Amino acid sequence: MNMIANRKPMDGRVAEIIKIAVMAVGGQGGGVLTNWIESLARSQGYVCQATSVAGVAQRTGATIYYIEMTPDTGQQPVFALAPSGGDVDVLIAAEMMEVGRAVMRGFVTPDRTTLIGSTHRALAVSEKTAPGDGIANAEEVRAAAEVAAQKLILADMDRLAVEKGSVISSSLFGALAGSGALPFPREAYEEAIRASGKGVEASLRAFGAGYAAAEQGLVQTEPEQAPELTPRLTGPTRQVRAWERLVARLEEMPAPVQEMGLAGLRKVVDFQNCAYGALYLDRLQEVLMQDKASRSFAFSATAAKYMANAMAYDDIIRVADLKTRGPRFDRIRDEMGAKEDQLVELTEFFHPRAEEIASLMPARMGARWEANPKRMDLLGRLFGKGRRLRTHTLRSFLMLHLLGGLKGYRLRTRRHAVEVAHLEGWLEQCLAMLKVDYNLAVELLKNRRLVKGYSDTHARGLTKFATVMGAAELLKGREDAAEWMGRLREAALQDPEGRALEGAIKTVRSFA
């Protein structure tokens, strides 16, 4: 509870308490930023108090740092321990969704609040675990912030800081200075950074970038680049020529199919090899033979996307391959801001189920093991415990690298046999529906979106996929069958447990 907002010193003047809230998640330097603000205030003759309320966990809730300050008049002020809705002068949010949370909690009001936020995204756990596209809409947050704040400063503060070799707390501090929300000169802010004695030069550079963004209204955004449809290839001449032959085959297909077909071709070739890419084009050609030009080949274009996803499934070999690629390590170093002379230690977490181990066996052997509960129980005991592989060490890296190099063996595994049978059954059902209801057939293709990931995520997706595909018979013959199939799929994507899908299926059965 805020016990006092203003107080009268002995000379009759009213000393106003300035209230600042900072919302930041782990690793964004919220504590450092708070310390700078506190040091700044005291250096300018203000008394100040800073508190913090920790979030639940990384990216499930921000830590709220709260600062109150007032000119030192010789009397002891009474400060609040946490911000109150409608009673915040400056709100600093270190990520775009934290901007939205601040608005929703009532900390940002049009009569008084200066809102400073970073437009970059660090996805929350809830966004990553959503079965479908769980990424929140940043534009909706921006629109709400424009209405809610008295003064709004939004820029990619994270990128501004990284470009200057620092972290986001420095650029946010600069934006606070450039906003003019506090009655202190720029030099005082810079002196607070120098007084900390750590990373001073880089912090000052990022401070300057944040200051300019706030003062000049610069909103830093990534330039949009058109996707490169035809990749530039380097490598053995034989493989390059094999790829060019595949592209030439694709170019003979109808134009509406080519763009998605090229993306799919690139995906399956990266997953396996050019021979596997030829198999992808064979399947796509079979689909085209049954499609209708009068519908602009919408069925084939959709099949080009989801067949590629089905053929490039997530098995242990693929996971190991992706985790040991050079560009991934470069990206991690860039995200961590590591310099060339700094070592980065990386730990990978693996928790394979017995099914994943059996899926690596030769097809017939894996089928026998899967049918034997005792053998599967043995695999569970041997491999069920989680593994932590420190891939910055040679031993762990080589283990994953060798596993990721088993592409030549992959097509003989139990997992591949299962995936091929599932793919062919799905396509057969879609092609059969094509003769009855074109639009519903297209929606059945899109249901493949429900199948993704590996381990438990893959198992849950398969269950939902089977449930939604099974509803096709209930919908057949209805004019709005395609619309209802889309609704069922969206219901399946709403929650991992499938409660929304359960309710939607009951609705379909009620009018079937």
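Everything discussed here concerns the structure shown above.
Just so it is clear, the structure is predicted and the values come from calculations on it, not from any experiment.

## Describing helix 22 (residues 455–470)
For helix 22, built from 16 residues, the straight-helix expectation of 22 Å at 1.5 Å per residue is met to within 8% by its first-to-last C-alpha distance of 23 Å. Against helix 15 (354–359), helix 20 (414–434), helix 21 (438–446), helix 23 (472–475), helix 24 (481–492) and helix 25 (499–511) lie the buried residues of helix 22.

## Re the sheet that holds strand 3 (residues 18–24)
Spatially, 4-5-3-6-7-8 is the arrangement adopted by the six strands of the open sheet, whose pairing is mixed. The open sheet has two edge strands with one neighbour each: strand 4 (46–53) and strand 8 (151–155). Going across the sheet, the axis of each strand differs from the next one's by a mean of 10 degrees, ignoring polarity. In this structure, strand 7 (residues 114–118) lies alongside strand 8, joined through five bridges in parallel fashion. When the sheet's bridge partners are listed, Leu-115 is paired in strand 8 with Leu-152.

## A few points about empty space enclosed by the protein
Considering all chains together, one arrives at two cavities of 30 Å³ or more under this definition. Its boundaries defined by the atoms lining it, the largest cavity holds a volume of some 60 Å³. Taken together, Tyr-276, Leu-279, Arg-283, Ala-310, Met-311, Tyr-313, His-416, Glu-419, Val-420 and Leu-423 make up the full set of residues lining the largest cavity. With four residues, the top contributor of residues to the lining of the largest cavity is helix 20. Its residues placed into classes, the lining of the largest cavity shows seven nonpolar, one polar and two charged. Estimated volume of the second largest cavity: approximately 40 Å³. Lining the second largest cavity, in full, are Asp-315, Ile-316, Ile-317, Glu-356, Ser-359, Leu-360, Arg-410, Thr-413 and Arg-415. Secondary-structure elements contributing two or more residues to the lining of the second largest cavity are helix 13 (316–323) and helix 15. By residue class, the composition of the lining of the second largest cavity is three nonpolar, two polar and four charged.

## Focus: the packing of helix 9 (residues 237–251) against helix 10 (residues 255–271)
Between helix 9 and helix 10, the least distance of the axes is 10 Å, while the angle of their chain directions is 155 degrees. Our classification of the angle between helix 9 and helix 10 gives roughly antiparallel. Crossing of helix 9 against helix 10: the hand is right-handed. Residues Trp-243, Leu-246, Val-247, Leu-250 and Glu-251 of helix 9 touch helix 10, and the partners they reach there are Gln-258, Gly-261, Leu-262, Leu-265, Arg-266 and Val-269.

## Section: the pattern of salt bridges
For the coordinates displayed, the defined rule picks out 32 salt bridges. With a shortest N-O distance of 3.3 Å, Arg-318 and Asp-314 are connected by a salt bridge. In this structure Asp-314 comes out as partly exposed when scored by relative accessible area, which is 25%. For Arg-415, the salt bridge goes to Glu-419, with nearest N and O atoms at 2.8 Å.

## Here's the deal with unusual backbone geometry
The phi torsion at Ser-296 lies on the positive side, around 60 degrees, for a residue other than glycine. As for its position among the elements, Ser-296 is in the loop between helix 11 (274–290) and helix 12 (298–311). The class of Ser-296 is partly exposed, set by a relative accessible area of 48%. Backbone geometry at Phe-297 places phi at a positive 55 degrees, although glycine is not the residue there. One can find Phe-297 in the loop between helix 11 and helix 12.

About the thresholds
One numbering rule holds for all chains: residues counted from 1, following each sequence as written. Where local features are concerned, this predicted model is filtered to residues with pLDDT of at least 70; where side-chain atom pairs are given and counted, the filter is 80 or more; whole-chain, interface and lining totals use all residues. As a rule here, side-chain values cover all heavy atoms of the structure and leave hydrogens and water aside. A run of DSSP states H or I qualifies as a helix once it reaches four residues; a run of E qualifies as a strand once it reaches two. Both are numbered from the N-terminal end. Given the number of residues in a helix, its expected span is that number minus one, multiplied by 1.5 Å. Between two residues, a contact is recorded if the distance between any of their heavy atoms is within 4.5 Å. Note: two strands are recorded as paired if DSSP finds a minimum of 2 bridges between them. Here an angle of 0 to 180 degrees is reported between the N-to-C directions of two axes, which are lines fitted to C-alpha atoms, with helices fitted over the stretch in contact. Using protein atoms alone on a 1 Å grid, points that fit a 1.4 Å probe yet trap it form a cavity, whereas open point sets bounded by protein on both sides within 12 Å along at least five of seven lines form a pocket; residues with an atom within 4 Å of a point count as lining. Grid points are joined across faces, edges and corners, and a volume is the space filled by probe spheres set on the points. Classification used: nonpolar for Ala, Val, Leu, Ile, Met, Phe, Trp, Tyr, Cys and Pro, charged for Asp, Glu, Lys and Arg, polar for all others including Gly. Here is the rule for angles: anything less than 35 degrees is roughly parallel, anything more than 145 is roughly antiparallel, 65 through 115 is roughly perpendicular, and the remaining ranges are oblique. Crossings are classed by handedness, with left-handed meaning an anticlockwise turn of the near helix from the far one by less than a right angle and right-handed meaning a clockwise turn. Between Lys or Arg on one side and Asp or Glu on the other, a salt bridge is scored when a side-chain nitrogen of the former is within 4 Å of a carboxyl oxygen of the latter. Partly exposed residues are those whose accessible area sits between 20% and 50% of the maximum for their type, while under 20% is buried and over 50% is exposed, using a 1.4 Å probe and protein chains only.

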